[in-house]
Amino acid sequence: MPPPDAATYAPTLPMATYLPIGTPSSSSSSPAAAAGAPEPQTLPFFLSPLPLPPPPLPAGHRVLSSLPPPPPRWPIAVRVPPAFLFEADFRRSHSLVQFLENEGAVPTVEEDKTREQVIRKLKEIVMDWAKVVAYEQRVPPRRVTATVLTYGSYTLGAHGPESDIDALCVGPCIATLQHHFFVALRQILERRLEVSGMQTVENAKVPLMRFTFSGISVDLTYAQLPVVDAVEKFQVLLRSIKLWARRRGLHCHLLGFFAGIHLAILAAYICQRYPNATANGLFTMFFEIFAHWDWQIPVNLHGQPTNCKRSDGYYMPIVMPCTPPELCMSNMTKCTFKKIREELMRGYALTKDLWRHDFEWTWLFAPFPYATRYQQFLRIALCSPTSEELRDWTGWVKSRFRQLILKLERNGLECDPYSSEEVDHRVIKPNIMYHWGLISEANTYLDISSLREDFMKDIINDVYGKVKCRRSELTLSVVGSSQLPKSMYSDSAYLGYMPQYMVGYQPAPDCWSAAG
């Protein structure tokens, strides 16, 4: 059913004061009948708003009527029964899980079996690789071993159908990162028919190999990382947050938004703070907590103060669960941080009213309407002679996208980077296009030629970049919304019946004071 008219939407008090956190019994006909269910605090809501005062009379004007003034109207306060709150919370939690399944955010049994086969084959491959390394180093093969461990969303059970597998190759001490992992193991993998799209990221903070194995994307690192145990409610919460982030354009780390580790820690923080909350309660508190978070303070799972300090220009500090504590790597900028705050506030506005009988999850998970929100876009077009070269060229340029965002901000432009990759079919060579929404200040002039020249300096700042750009091209241009690919308009049809406050939350001018 369509959402209510915006004029009838009345904000209520924060939900934290009355959020039911009891877990209903499955044998009970009503969640409120669960044994030992806590008695939640109820808040009054008003059926009749106070009338607006009449406008003042002009000077010298007198009221001629002799009738007595009407009696004042008072609002009617109604106490929400505890059973109603538990019933509403239980039903919405169930509908959230069902919505995730309907939207394809939960993998099928066949997809999970394929992932299990990939992990099993990778373990066999790295075991054979370890024997090769042992033979090369003149060490008895029986004395060496290697395995593959998984971490991230797959291990947590919060992966979706399109999620990659974060895997850790644990090799023997005689196997080096630069030679045995990035050369020997890569050659072994490339000879496999199931493997395609091999890429290596050797100079990153966490070096890794990225490839596709039997249609499943794999990120393989060579470092020891802890494996986190997960529970069912944490899996539902993390899946919900990741789907929300993808739909609202907040999920690409290279574009200055969330990385997977950021979302996992934020979800773990909510579960740690509200261990008895339902799935709907956890999701609601995610928005309430982080929409109002003072981001001068890092999010920390350690439960005690940490020496990690937010440096200048560092937005949304999140502490990794490691010893010693260390802040997660972040590419956020002023404009991407602003959009994240706006979307958190929008999520809070949509989820805080538990008793809304007409609530629908499609409001919260509606795709962000890029094509109708912005009038001008920065088009970034990449082109290479072959698909393989385009893949390498795209990965290299994307790793420098943060520098381009910062250059736009220094020119007085805010941008909303859209991660979707489009293809210009009018161009014969393999190509990819990105479109970023632009928000310009008054009388802002953008010299696109100077911007491209300045950005190319960041791309070819070393030998590796100079080699990649010899046969590849990069073009920047500003286009109007009418020049966007038709595929970017498909998401806007999702929002035709929604009031403006459901589509995007417009914050107060001083709501960014926490950004520093």
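Numbering of residues starts from 1 in each chain and follows the order in which that chain's sequence is written. Local features in a predicted model are, by the rule used here, given only for residues with pLDDT of at least 70; side-chain atom pairs are given and counted only at 80 or more, and totals for whole chains, interfaces and linings are based on all residues. Water and hydrogen atoms were dropped before computing side-chain values, which therefore reflect all heavy atoms in the structure.

### A short note on the overall build of the chain
Piece 1. Helix and strand assignments come from DSSP, with helices taken as H or I runs of at least 4 residues and strands as E runs of at least 2, each series counted from the N terminus. Looking only at helices and strands, one finds 15 helices and 13 strands in the chain.
Piece 2. Evaluated residue by residue, the chain yields a buried proportion of 48% over its 516 residues.
Piece 3. What makes two residues a contact is simply this: any of their non-hydrogen atoms within 4.5 Å. Within the chain, residue pairs in contact and separated by at least 24 positions form 72% of the contacts whose partners lie at least 6 positions apart.
Piece 4. Shrake-Rupley sampling with a 1.4 Å probe provides the accessible areas, and residues are treated as covered by the protein chains on show and by no other component. Element-wise, carbon and sulfur atoms account for 56% of the exposed surface of the chain, whose accessible area totals about 27200 Å². Only protein chains enter the accessibility calculation, which uses a 1.4 Å probe; a residue whose area is less than 20% of its type maximum is buried, one above 50% is exposed, and one in between is partly exposed.

### Examining the pairing of strand β6 (residues 208-213)
Piece 1. For two strands to pair, DSSP has to find at least two bridges joining them. Pairing of strand β5 (residues 195-201) with β6, which is carried by five bridges, proceeds in the antiparallel orientation. Residue Val195 lies in a different strand from β6, and its bridge partner there is Phe213.
Piece 2. In this structure, β6 lies alongside strand β7 (residues 216-221), joined through six bridges in antiparallel fashion. Paired with Phe211 across the strands is Val218, a residue of β7.
Piece 3. The turn joining β6 and β7, which pair antiparallel and follow one another in sequence, is formed by two residues; a positive phi near 55 degrees is taken by Ser214.

### Considering the pairing of strand β11 (residues 413-417)
Piece 1. Here β11 lies mainly inside the structure; four of its five residues are buried.
Piece 2. Pairing of β11 with strand β12 (residues 431-440) involves five bridges; the strand directions are antiparallel. The residue of β12 that forms the bridge with Pro417 is Trp436.

### Let's talk about the packing of aromatic side chains
Piece 1. Only Phe, Tyr and Trp rings take part, Trp by its six-membered ring, and two of them pair if their centres are within 6.5 Å. Stacked means planes under 30 degrees apart, edge-to-face means over 60, and tilted covers everything else. This structure, assessed with the given rule, holds 26 aromatic pairs.
Piece 2. Criterion for a charge above a ring: Lys NZ or Arg CZ within 6 Å of the ring centre, and within 35 degrees of the ring normal. One Lys or Arg, Arg92, reaches over the ring of Phe359 and ends 3.9 Å from the middle of that ring.

### Some thoughts on the sheet that holds β11
Piece 1. Overall, antiparallel pairing links the four strands, which are arranged β11-β12-β10-β13 in an open sheet. The open sheet has two edge strands, β11 and β13 (473-480), and neither has a second partner. When the angles between neighbouring strand axes are averaged without regard to direction, this sheet yields 30 degrees.
Piece 2. Inspection of the sheet shows strand β10 (residues 376-383) paired to β13 by eight bridges, in the antiparallel sense. In the strand pairing of β13, Cys383 is matched with Glu473. All axes here are fitted lines through C-alpha atoms, helices being fitted over the stretch that makes contact, and every angle between N-to-C directions spans 0 to 180 degrees.

### Considerations on the packing of helix α12 (residues 401-410) against helix α13 (residues 448-459)
Piece 1. Close contact between α12 and α13 brings their axes to 10 Å; oriented N to C, the two are set at 145 degrees. For the pair α12 and α13, the sense of crossing is right-handed. Contacts between α12 and α13 involve Phe401, Gln403, Leu404, Lys407 and Leu408 from the first element and Leu451, Asp454, Phe455 and Asp458 from the second.
Piece 2. Among the residues making up the contact of α12 with α13, the classes are represented as five nonpolar, one polar and three charged. A crossing counts as left-handed when the near helix is turned anticlockwise from the far one by less than a right angle, and as right-handed when that turn is clockwise. In the scheme used here, Gly and all other residues not listed as nonpolar or charged are polar, with Ala, Val, Leu, Ile, Met, Phe, Trp, Tyr, Cys and Pro taken as nonpolar and Asp, Glu, Lys and Arg as charged.

### Examining the environment of Arg400
Piece 1. Counting through the fold element by element, Arg400 comes out in the loop between α11 (387-398) and α12.
Piece 2. For Arg400, a relative accessible area of 17% gives the class buried.
Piece 3. In this structure, the C-alpha to C-alpha distance between Arg400 and Met456, residues 56 residues apart in sequence, is 9.6 Å.
Piece 4. Those residues in contact with Arg400 that lie beyond four places of it in its chain are Phe455, Asp458, Ile459, Asn461 and Asp462.

### Overview of the sheet that holds β6
Piece 1. Spatially, five strands are ordered β3-β4-β7-β6-β5 in an open sheet, and the strand pairing comes out mixed. Of all the strands in the sheet, just β3 (147-151) and β5 have a single pairing partner and so form its edges. Put simply, the sheet's adjacent strands are angled 25 degrees from each other on average, direction ignored.
Piece 2. In terms of strand pairing, β3 meets strand β4 (residues 165-170) through five bridges, oriented antiparallel. When the bridges of β4 are listed, Tyr151 appears paired with Asp166.

### Examining empty space enclosed by the protein
Piece 1. Only protein atoms enter the 1 Å grid, on which a cavity is a set of points fitting a 1.4 Å probe that cannot get out and a pocket is an open set with protein on both sides within 12 Å along at least 5 of 7 lines, lining residues being those with an atom within 4 Å of a point. Grid points are joined across faces, edges and corners, and a volume is the space filled by probe spheres set on the points. What the rule picks out here adds up to three cavities of 30 Å³ or more.
Piece 2. The space that makes up the largest cavity amounts to roughly 40 Å³.
Piece 3. Ala105, Ala158, His159, Gly160, Ser163, Arg239, Lys242, Leu243 and Arg246 together form the lining of the largest cavity.
Piece 4. Of the residues in the lining of the largest cavity, the class split is three nonpolar, three polar and three charged.

### Some remarks on the pattern of salt bridges
Piece 1. Each reported salt bridge corresponds to a side-chain nitrogen of Lys or Arg within 4 Å of a carboxyl oxygen of Asp or Glu. Per the stated rule, a full pass over the model turns up 16 salt bridges.
Piece 2. Measuring nitrogen to oxygen at the nearest pair gives 3.7 Å for the salt bridge that ties Glu194 to Lys121. Highlighted residues: Glu194 in the loop between α4 (177-190) and β5 and Lys121 in helix α2 (residues 109-136), separated in sequence by 73 residues.
Piece 3. By relative accessible area, Glu194 is classed as partly exposed at 23%.
Piece 4. Residues joined by salt bridges that share partners form a network here, namely Lys121, Arg192 and Glu194.

### Digging into the UniProt feature "domain: Poly(A) polymerase RNA-binding" (unreviewed entry) in the chain
Piece 1. UniProt positions are given in the numbering used here, feature names are shortened, and annotations may be inferred rather than shown by experiment. Here the UniProt-annotated "domain: Poly(A) polymerase RNA-binding" (unreviewed entry) positions come out as residues 372-411.
Piece 2. Between the first and last C-alpha atoms of residues 372-411 the distance is 24 Å; the span itself is 60% helix and 20% strand.

### Here we look at α11
Piece 1. A helix is expected to span 1.5 Å multiplied by its residue count minus one. For α11, built from twelve residues, the straight-helix expectation of 16 Å at 1.5 Å per residue is met to within 8% by its first-to-last C-alpha distance of 16 Å.
Piece 2. For α11, the set of buried residues is Leu390, Trp393, Thr394, Trp396, Val397 and Lys398.

### Focus on the environment of Lys233
Piece 1. On the secondary structure map, Lys233 appears in helix α5 (residues 232-247).
Piece 2. Separated by 38 residues in sequence, Lys233 and Cys271 place their C-alpha atoms 8.1 Å apart.

### Points about α2
Residues three or four positions apart in an α-helix share a direction because the helix packs 3.6 residues into each turn.
Piece 1. Counted at 1.5 Å a residue, the expected span for α2 with its 28 residues is 40 Å, and the 41 Å between its end C-alpha atoms agrees.
Piece 2. Among the residues making up α2, those that are buried are Arg115, Val118, Ile119, Leu122, Ile125, Val126, Trp129, Ala130, Val133 and Ala134.
Piece 3. Looking one or two residues beyond α2, the residue adopting positive phi is Arg138, at roughly 60 degrees.

### Some thoughts on the nonpolar core
Piece 1. For the purposes of this section, nonpolar cores are sets of buried Ala, Val, Leu, Ile, Met, Phe, Trp, Tyr and Cys residues that join through side-chain atoms within 4.5 Å. Counting 82 residues, the largest nonpolar core has Trp244, Ile270, Phe283, Phe286, Phe290 and Trp436 as its most contacted members.
Piece 2. Residue ranges assigned to the domains are those given by an automatic or database domain assignment. For this core, the two domains that each supply at least three residues are domain 2 (229-365) and domain 3 (370-490).
Piece 3. Apart from the residues within four sequence positions on either side, Ile270 is in contact with Leu237, Leu282, Met285, Phe286, Ile289 and Phe290.
Piece 4. Val133, Ala146, Phe182 and Leu189 belong to the second largest nonpolar core, which has 32 residues in total.

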